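Residue-level structure breakdown
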Amino acid sequence: MSKNNGSSLAYRIISIVILLVLAFLFLFPLYWIVTGSLKTQQAINSATPDWWPKEFTLRNYETLFSKRTAPLFQLGSLTGPTVPGAIRWLINTVFMAVMAMLLTCVTAAMAGYSLAKKRFTGRYLLFSLIVAAMALPKQVILIPLIREMSSLGLYDNIWAVILPTVGWPFGVFLMKQFSEGIPGEMLEAARIDGASELKTFTTVVYPMIKPGVGALAIFTFINSWNDYFLQLIMLTSSNKLTISLGIATMQAENSTDYGLIMAGASLAAIPIILVFLVFQKYFTKGITMGAVKG
Amino acid sequence: MYKTMSPRLRRRENISGYMFLLPSLIFFLGFVVYPMIMCIWTSFTDANMDINTPTSFIGFANYKELWQDPVFLKGLRNTIIIVVVSVPVVCIFSLWVASAIYKMKEGPLSFFRIVFYLPVVTGSVAVTVVWKWMYNNYTGIFNYLLKNGGIIDKNINWLGDPKYALACIILILLTTSVGQPIVLYVSALSNVDHSLVEAAEVDGATNTQAFWRIKWPQIMPTTLYILIITTINSFQCFALIQLLTSGGPNYATETIMYYIYYTAFKLSRFGYGNAMGVILAIFIAILSAVQFRLAKEK
């Protein structure tokens, strides 16, 4: 220990300096999005960048919100009040991510428990199928999915984005890992007490896998929010877009108005970053659990 | 345990097992397995995007055509370049960052973990549009910094120049790929058996020796997992291409994934696109198997 103390201290200082520089570089694009959204058109178009906005303006956000309008919601013949298109996109995105999250958590928690603890015929086969599917590139199935959704009449419908997200077996895999830890004696005891299968699941199993469900929930929410490719191929009409898709469309139409595009990018990124920051402990846990024995 | 169960209990286990599995199974079979089968099946047909057009079976014609399609070959070449560059860089970079931060206190550790993960959370669209601006010929900061630093004397059209476009894409891809590997390595390194490391230090092993002889073998499963997910991610590079270059200039940034999308959407050649999908899946499967084999041997 003693002999390399000197060099190890120097090494630690150097590595901390490098880490801080890297952290700065990784944070910079985000900083540039947010400050860019608050800069004037003139500052944006100048060849000499303002590292900090000399003059703050909300004009980019005004343009963003006045560019398109859409009804707040449409339920059958019921139509909500007219709001800026970007707000509607945000609502679509939240709806999509929440639905994908709820359905994934419920189905995956049940399936993971079943695969970990139930002794039914064919479970090894099913589990192998799930693992094999996970090793394949998800995007390969997207093109066939378009035709499947068209024949189901779900093309250009937010459910065409939600359903495949729920089907992706990562959640089942993750929940199986968490359910392995449930002691068999507790399930045995519940059965001897005459508890029904469903009751055993809600009162014995669920409390034990709750941290896992939390991790899966946040993981699914963020991934669904950011799954641009799936959203791109499934949604086309202006009222049905998600926020990422809406910004991408705007970018294609006004490719040089960077102030406006940065305002859109802030609107897409900031909510999901806040969600991530609040729940990041669960998130980290989900990533690591999914990899154990993976 | 299964054999010791009474027949009645065994039946109950079978029924309840499937009942719990059923909801998830419906989604999995319907929206993952079925499209996979469709993908393979239609790759042998001349199907287009319109479900109402009749299709006919054409055997391996799509696959044969692929190897004569210059755009596909260019896409394959670029995809391989992306994978070959990004996989080792991501692994080495994240291992270095993880080993520099894993012994830190909870606060700074979380800070670094979050910072390196942020580009992933920010989302591909927001990340891509800001990079597009930074790469811009006239208003981008790259040209500004390099010109003021005296490194270049003329503005470079980064994304419009076939010499630089692919490298620019890879750079963005790298910043959005290291988040998860760092989290995984931090957790793997903190689970390394420290009594072994200490024993080695007592015996006079240097830090480098202790790392390669003791820690490295123990984090091997994590390395393997990271290799595989990074390979899959790099193969699937799509959003960056679609939003920045559409495969241009002159196919310099064409990737297989983007060409699949283009073939299906713009050319409406469903069967042909799916044949590419099958090839892509086979490539990934082979690479994963090779990586798995190599890691097992060590």
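Residues numbered from 1 in each chain as written. Chains lettered and ligands numbered in written order. Predicted model: local features only at pLDDT ≥ 70, side-chain atom pairs only at ≥ 80, totals over all residues. Heavy atoms only, no water.

**Things to note about the overall build of chain B**
- A count of helical and extended segments in chain B gives 14 helices and zero strands.
- Shown N-terminal to C-terminal, the secondary structure of chain B runs as helices and strands in the order α-α-α-α-α-α-α-α-α-α-α-α-α-α.
- For 298 residues, the compact-globule estimate of 2.2 N^0.38 gives 19 Å, and chain B exceeds it by more than 25% at 24 Å.
- Projected onto its principal axes, the C-alpha coordinates of chain B cover approximately 80 × 70 × 35 Å.
- Considering only intrachain contacts with a sequence separation of at least 6, the fraction spanning at least 24 residues in chain B is 65%.
- Looking at chain B as shown, the accessible area adds up to about 13900 Å², and 64% of this sits on carbon and sulfur atoms.
- For chain B, the distance from the average position of its 22 positive side-chain charges to the average position of its 14 negative side-chain charges is 4 Å. (Helix = DSSP H or I, 4+ residues; strand = E, 2+ residues; numbered from the N terminus. Rg over C-alpha atoms; globule rule 2.2 N^0.38 Å. Contact = heavy atoms within 4.5 Å. Areas by Shrake-Rupley, 256 points an atom, 1.4 Å probe, with all protein chains shown as cover. Lys, Arg positive; Asp, Glu negative; His and termini not counted. Charge placed at Lys NZ, Arg CZ, Asp CG, Glu CD.)

**Brief notes about the overall build of chain A**
- Broken down by element type, chain A carries 13 helices and four strands.
- Here the C-alpha radius of gyration of chain A, 24 Å, is well above what a compact globule of 294 residues would show, namely 19 Å.
- The dimensions of chain A, computed from C-alpha atoms along their principal axes, are 75 × 75 × 35 Å.
- Residues classed as buried in chain A amount to 54% of the 294 residues present.
- Per element, the accessible surface of chain A, about 13000 Å² overall, is 67% carbon and sulfur. (Buried < 20%, exposed > 50% of the residue type's maximum accessible area, 1.4 Å probe, protein only.)

**A word on the interface of chain A and chain B**
- Tallying the contact residues gives 100 residues for chain A and 93 residues for chain B.
- Interface of chain A and chain B: buried area, both sides summed, is about 8600 Å²; carbon and sulfur atoms make up 76% of it.
- In this structure, the salt-bridge partner of A:Lys118 is B:Glu13, at a minimum N-O distance of 3.4 Å.
- Per-element tally for the side of chain A that touches chain B: the top contributor is helix 13 (residues 258–291) of chain A, with 17 residues.
- For the side of chain A that touches chain B, the class distribution of residues is 67 nonpolar, 22 polar and eleven charged. (Buried area = accessible area lost by both parts, 1.4 Å probe. Salt bridge = Lys/Arg side-chain N within 4 Å of Asp/Glu carboxyl O. Nonpolar A, V, L, I, M, F, W, Y, C, P; charged D, E, K, R; others polar.)

**Description of the state of the cysteines**
Residue and element names in this part refer to chain B.
- Applying the stated criterion across every chain yields a total of zero disulfides over all chains.
- Here Cys39 stays unpaired: no disulfide links it, and the sulfur of Cys237, its closest cysteine neighbor, is 19 Å away.
- Its relative accessible area of 2% is what places Cys39 among the buried residues. (Disulfide = S-S within 2.5 Å.)

**As for the domain arrangement of chain A**
- Looking at the assigned domains, one finds that chain A contains domain 1 (2–37) and domain 2 (70–245 + 270–291).
- Summarising the inter-unit geometry, the C-alpha centres of domain 1 of chain A and domain 2 of chain A are found 36 Å apart. (Domains from an automatic or database assignment.)

**Comments concerning the environment of A:Val275**
- Examined against the element boundaries, A:Val275 turns out to sit in helix 13.
- Spatially, the C-alpha atom of A:Val275 lies 8.2 Å from that of A:Ile222, the residues being 53 residues apart in sequence.

**Description of the pattern of salt bridges**
- Counted under the stated rule, the structure contains ten salt bridges over all chains.
- Here B:Glu65 and B:Arg269 are joined by a salt bridge, their closest N and O atoms 3.0 Å apart. With B:Glu65 in helix 2 (residues 61–66) and B:Arg269 in the loop between helix 13 (256–265) and helix 14 (270–297), this residue pair connects regions lying 204 residues apart in the sequence.
- Residue B:Glu65 is classed as partly exposed on the basis of its relative accessible area of 33%.
- What emerges from the salt-bridge pattern is a single network uniting A:Lys118, A:Glu188, A:Arg191, A:Glu197, B:Arg12 and B:Glu13.

**Here's the deal with the confidence of the model for chain A**
- In this model, chain A carries an average pLDDT of 86, and 95% of its residues clear a pLDDT of 70 or more.
- Averaged pLDDT values for the elements of chain A fall to 70 in strand 2 (residues 74–75) of chain A and rise to 93 in helix 7 (residues 159–167) of chain A. (pLDDT = per-residue confidence, 0-100.)

**A few points about unusual backbone geometry**
Residue and element names in this part refer to chain B.
- Residues other than glycine seldom take positive phi values, yet Ser246 does so here, at roughly 50°.
- In this structure, Ser246 sits in the loop between helix 12 (239–244) and helix 13.
- Positive phi outside glycine occurs at Ser268, with the angle close to 55°.
- Among the structural elements, Ser268 can be located in the loop between helix 13 and helix 14.

**A short note on the packing of helix 4 (residues 85–117) of chain A against helix 7 of chain A**
Residues and elements named next belong to chain A.
- Packing of helix 4 against helix 7 brings their axes to within 9 Å, and their N-to-C directions diverge by 30°. For the element pair helix 4 / helix 7, the angle class is roughly parallel. Of the two possible hands of crossing, helix 4 and helix 7 adopt the one that is right-handed. Across from Phe95, Met96, Met99, Ala100, Leu103, Thr104 and Thr107 in helix 4, the residues of helix 7 making contact are Trp159, Val161, Ile162, Thr165 and Val166. (Axes fitted to C-alpha atoms, helices over the stretch in contact; angles between N-to-C directions. Parallel < 35°, antiparallel > 145°, perpendicular 65-115°, else oblique. Left-handed = near helix turned anticlockwise from the far one by under 90°.)

**What about the packing of aromatic side chains?**
- Applying the stated criterion across every chain yields a total of 44 aromatic pairs over all chains.
- Ring plane angle 5° and centroid distance 6.0 Å describe the contact between A:Phe127 and A:Phe173, whose orientation is recorded as stacked. Here A:Phe127, found in helix 5 (residues 123–135), pairs with A:Phe173, found in helix 8 (residues 170–179); they are 46 residues apart in sequence, far enough to count as distant.
- Looking at A:Phe173, the relative accessible area reads 6%, which means it is buried.
- One aromatic cluster is present, formed by A:Phe24, A:Phe28, A:Tyr31, A:Trp32, A:Trp51, A:Tyr258, B:Trp133 and B:Tyr144 through successive ring pairs.
- Positioned over the ring face of A:Trp32 is A:Lys39, at 3.8 Å from the centre of the ring.
- Lying over the aromatic face of A:Phe127, A:Lys176 brings its terminal NZ or CZ to 4.2 Å of the ring centre. (Phe/Tyr/Trp six-rings, centres within 6.5 Å; stacked < 30°, edge-to-face > 60°. Lys NZ or Arg CZ within 6 Å of the ring centre and 35° of its normal.)

**Side note on a nonpolar patch on the surface**
- Together, A:Leu9, A:Ile13, A:Val17, A:Val21, A:Phe24 and A:Leu25 line one region of the surface with nonpolar side chains, adding up to about 590 Å² of accessible area.
- Turning to its location among the elements, A:Val21 is positioned in helix 1 (residues 5–37). (Patch = residues over 30% accessible without salt bridge, like charges linked within 9 Å, V, L, I, M, F, W, Y side chains within 5 Å.)

**Let's talk about helix 8 (residues 179–190) of chain B**
- Given a rise of 1.5 Å per residue, twelve residues ought to cover 16 Å, and the 17 Å separating the end C-alpha atoms of helix 8 of chain B matches this to within 8%.
- A large share of helix 8 of chain B lies buried, amounting to nine of its twelve residues. (Expected span 1.5 Å × (residues − 1).)

**As for the environment of A:Leu230**
Residues and elements named next belong to chain A.
- Among the structural elements, Leu230 can be located in helix 11 (residues 228–234).
- Separated by 42 residues in sequence, Leu230 and Glu188 place their C-alpha atoms 43 Å apart.
- For Leu230, the contacting residues outside a window of four places in its chain are Leu142, Val161, Pro164 and Thr165.

**Side note on the packing of helix 7 of chain A against helix 1 (residues 7–42) of chain B**
- With their axes 7 Å apart at the nearest point, helix 7 of chain A and helix 1 of chain B run at an angle of 110° to one another. Considered as vectors, helix 7 of chain A and helix 1 of chain B are oriented roughly perpendicular to each other. Handedness of the crossing formed by helix 7 of chain A with helix 1 of chain B: left-handed. Here helix 7 of chain A contributes A:Leu163, A:Pro164, A:Val166 and A:Gly167 to the contact with helix 1 of chain B, which in turn contributes B:Phe27, B:Phe28, B:Phe31 and B:Val32.
- Of the residues in the contact of helix 7 of chain A with helix 1 of chain B, the class split is seven nonpolar, one polar and no charged.

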